[in-house]
Amino acid sequence: VQLVESGGGLVQPGGSLRLSCAASGFTFSNYAMSWYRQAPGKEREVVAVIVSAGGITQYADSVKGRFIISRDNAKNTVYLQMNSLKPEDTAVYYCKVFIGMVYWGKGTLVTVSS
């Protein structure tokens, strides 16, 4: 199993970013996928989850109405569209899948700052 995140960077408050997580080594369409984040000095927390068929999504209260999780099963990729970014969204963002055990990507850093 391999998960590779991309799309992070520096963005001003109010801006947008789109993160991608390319998956391989398993049948992507069969599994729910999640985005987590870890801010400096804080515990890792769930941001958003999407079920295998993509019809059901869940979000942390802190990102509801601003972030959108989606997936393209043909491309084995899950996305996180982040809008109206705030400084408190600054964190390393990780992709996660559970297949008998938890697999994580290495993360991509998002910095929201003016």
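Residues numbered from 1 in each chain as written. Predicted model: local features only at pLDDT ≥ 70, side-chain atom pairs only at ≥ 80, totals over all residues. Heavy atoms only, no water.

## A short note on the pairing of strand E3 (residues 17-24)
Point 1. Bridge count between strand E1 (residues 2-6) and E3: five bridges; the pairing is antiparallel. In the strand pairing of E3, Val4 is matched with Ala22. (Pairing = 2+ DSSP bridges. Helix = DSSP H or I, 4+ residues; strand = E, 2+ residues; numbered from the N terminus.)

## Here's the deal with the sheet that holds E1
Point 1. Taken together, four strands build an open sheet; the order of strands is E1-E3-E8-E7 and the sheet is antiparallel. One side of each edge strand has no neighbouring strand; the edge strands of this open sheet are E1 and strand E7 (67-72). Between one strand axis and the next, the sheet turns by 15° as a mean value, whatever way the strands run.
Point 2. As defined by bridge partners, E7 adjoins strand E8 (residues 77-82) across six bridges and the pair is classed as antiparallel. Considered in E8, the bridge of Ile68 is made with Gln81. (Axes fitted to C-alpha atoms, helices over the stretch in contact; angles between N-to-C directions.)

## Examining the packing of aromatic side chains
The description of an aromatic ring pair uses the distance of the two centres, along with the angle that the planes make with each other.
Point 1. A full pass over the atoms with the stated rule returns four aromatic pairs.
Point 2. A centroid spacing of 5.0 Å and a plane angle of 85° characterise the contact between Tyr36 and Trp104, whose relative ring orientation is edge-to-face. Of the two residues, Tyr36 is situated in strand E4 (residues 33-38) and Trp104 in strand E10 (residues 102-104); the sequence distance between them amounts to 68 residues.
Point 3. A relative accessible area of 36% places Trp104 in the partly exposed class.
Point 4. These aromatic residues form a ring-pair network of at least three members: Phe26, Phe28 and Tyr31.
Point 5. In this structure, Arg18 packs its charged tip against the face of Tyr79, placed 3.9 Å from the ring centre. (Phe/Tyr/Trp six-rings, centres within 6.5 Å; stacked < 30°, edge-to-face > 60°. Buried < 20%, exposed > 50% of the residue type's maximum accessible area, 1.4 Å probe, protein only. Lys NZ or Arg CZ within 6 Å of the ring centre and 35° of its normal.)

## Here's the deal with the nonpolar core
Point 1. Ranked by size, the top nonpolar core spans 27 residues in total, and within it Met33, Trp35, Val78, Leu80, Met82 and Tyr93 carry the most contacts.
Point 2. Looking at this core, the elements with two or more residues in it are E3, E4, strand E5 (45-50), E7, E8, strand E9 (91-98) and strand E11 (108-112). (Core = buried A, V, L, I, M, F, W, Y, C linked by side-chain atoms within 4.5 Å.)

## A short note on the pattern of salt bridges
Point 1. Applying the stated criterion to the full structure yields four salt bridges.
Point 2. With its nearest N and O atoms 2.9 Å apart, the salt bridge here joins Arg37 to Asp89. Linking Arg37 in strand E4 with Asp89 in the loop between E8 and E9, this pair joins segments that are 52 residues apart in sequence.
Point 3. For Arg37, a relative accessible area of 6% corresponds to the buried category.
Point 4. Asp89 serves as the salt-bridge partner of Arg66, at 2.7 Å between the closest nitrogen and oxygen. With a gap of 23 residues between them, Arg66 in the loop between strand E6 (57-59) and E7 and Asp89 in the loop between E8 and E9 connect regions that are remote in the sequence. (Salt bridge = Lys/Arg side-chain N within 4 Å of Asp/Glu carboxyl O.)

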